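Given next are the chains, with one letter for each unit.
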Amino acid sequence: AEDAQQAQRLQALFGFQQKYIYKTVAAQVIGASESDQSHLLILDKGSADGLKRDDAVITPQGIVGRLREVFQHTSLLLEISDATSGAGVQLQKARLQGVLRGNAYGQPEIRDMMPDARIQPGQVVVTSGGDQIFPHGLPVGTVEKGVSGKAHPPLGNVLIHPAGNLDAGEEVL
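Summary of the structure given here. Computed from a predicted model, the values in this text were never measured in an experiment. (Residues numbered from 1 in each chain as written. Predicted model: local features only at pLDDT ≥ 70, side-chain atom pairs only at ≥ 80, totals over all residues. Heavy atoms only, no water.)

## As for the overall build of the protein chain
Along the backbone of the protein chain there are 1 helix and 12 strands. Of the regular secondary structure in the protein chain, the N- to C-terminal order runs α-β-β-β-β-β-β-β-β-β-β-β-β. Residues counted as buried form 42% of the 173 residues belonging to the protein chain. Put simply, of all contacts in the protein chain between residues at least 6 apart along the chain, 50% involve residues at least 24 apart. Put simply, the protein chain shows about 9,600 Å² of open surface, and 52% of that area lies on carbon and sulfur atoms. (Helix = DSSP H or I, 4+ residues; strand = E, 2+ residues; numbered from the N terminus. Buried < 20%, exposed > 50% of the residue type's maximum accessible area, 1.4 Å probe, protein only. Contact = heavy atoms within 4.5 Å. Areas by Shrake-Rupley, 256 points an atom, 1.4 Å probe, with all protein chains shown as cover.)

Here it is in C-alpha cells:
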C-alpha cells in the first residue's frame, strides 16, 4: 500500500513537473529538524544536482519553502511556516500584497496588513513574484482569518491555511 501511494504521489509530481515552465529537480524529504520552533526539512538533493541557496521548493499543491543551505548531496529546506522564512504574496481577487512568514505557532500568516473588507476567509493567496524567489502566481493557500495586530495597531495579520501539506511532504520540486 505504501509503494502504491508513493507511486501515485510521484506520478502527480512528474505530471506537474512536465507542465511547469521552469527547470525543476525532484527531491525526497529524508529528515526533519528536531525542534518544535524550527521548521526545517532535509532533502536528498544538493549542489551536485544543480540546487543552490534560496531556490524555491514547491509541490503541485503549492509552495513549501526555500533552500536555506545546500550541501553537495543534501539540502536544508526552510518551510514557509518558519518565523524566519518570507515570501511575497498577494490575495488573488483583492490584489492586496504582503509578506508571508510563519508565526510562533508554526502557521503561515501575512503580517502587518491594513484592515480591508476585501480580506475574506477562503480567499486564494498566490505568490506575488516580488521576492525574486517564488515566481508570480504559484498557489500559497487560502485566507483562514484576520487577526488584529497588538504590536502595530491598526495593522493586523492574516492567517493562511497552506495549499501544500507542510507536515506530510515526502516529494518536492
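## Examining the sheet that holds strand β3 (residues 56-58)
With respect to topology, 6 strands assemble into an open sheet ordered β3-β4-β5-β2-β1-β12, the strand pairing being antiparallel. The sheet terminates laterally at β3 and β12 (171-172), the two strands that pair on one side only. Inspection of the sheet shows strand β2 (residues 40-43) paired to strand β5 (residues 75-79) by 4 bridges, in the antiparallel sense. Counted as the bridge partner of L41 is L77 from β5. (Pairing = 2+ DSSP bridges.)

## Section: the pairing of β2
Pairing between strand β1 (residues 27-32) and β2: 3 bridges, direction antiparallel. Bridged to A32 within β2 is L41.

## Remarks on unusual backbone geometry
Unlike most non-glycine residues, D54 shows phi in positive territory, near 75°. With respect to the element layout, D54 can be found in the loop between β2 and β3.

## Side note on the environment of T24
Relative to the helices and strands, T24 resides in the loop between α1 (2-19) and β1. A relative accessible area of 18% places T24 in the buried class. In this structure the C-alpha to C-alpha distance between T24 and A56, which are 32 residues apart in sequence, comes to 9.5 Å.

## Things to note about the environment of E79
Position of E79 among the secondary structure elements: in strand β5. Separated by 29 residues in sequence, E79 and P108 have C-alpha atoms that sit 9.4 Å apart.

## Some points on the side chain of D55
Position of D55 among the secondary structure elements: in the loop between β2 and β3. Setting aside chain neighbours within four positions, we find D55 in contact with G50, G65, R66 and L67.

## Thoughts on the layout of surface pockets
Any empty space left between the atoms is revealed when a probe the size of a water molecule rolls over them. Its volume calculated, the largest pocket comes out at about 420 Å³. The element that contributes the greatest number of residues to the lining of the largest pocket is β3, accounting for 3 residues. Residues belonging to the lining of the largest pocket are distributed by class as follows: 14 nonpolar, 2 polar and 4 charged. (1 Å grid on protein atoms, 1.4 Å probe; cavity = no way out; pocket = protein on both sides within 12 Å on 5 of 7 lines; lining within 4 Å. Points joined across faces, edges and corners; volume = space filled by probe spheres on them. Nonpolar A, V, L, I, M, F, W, Y, C, P; charged D, E, K, R; others polar.)

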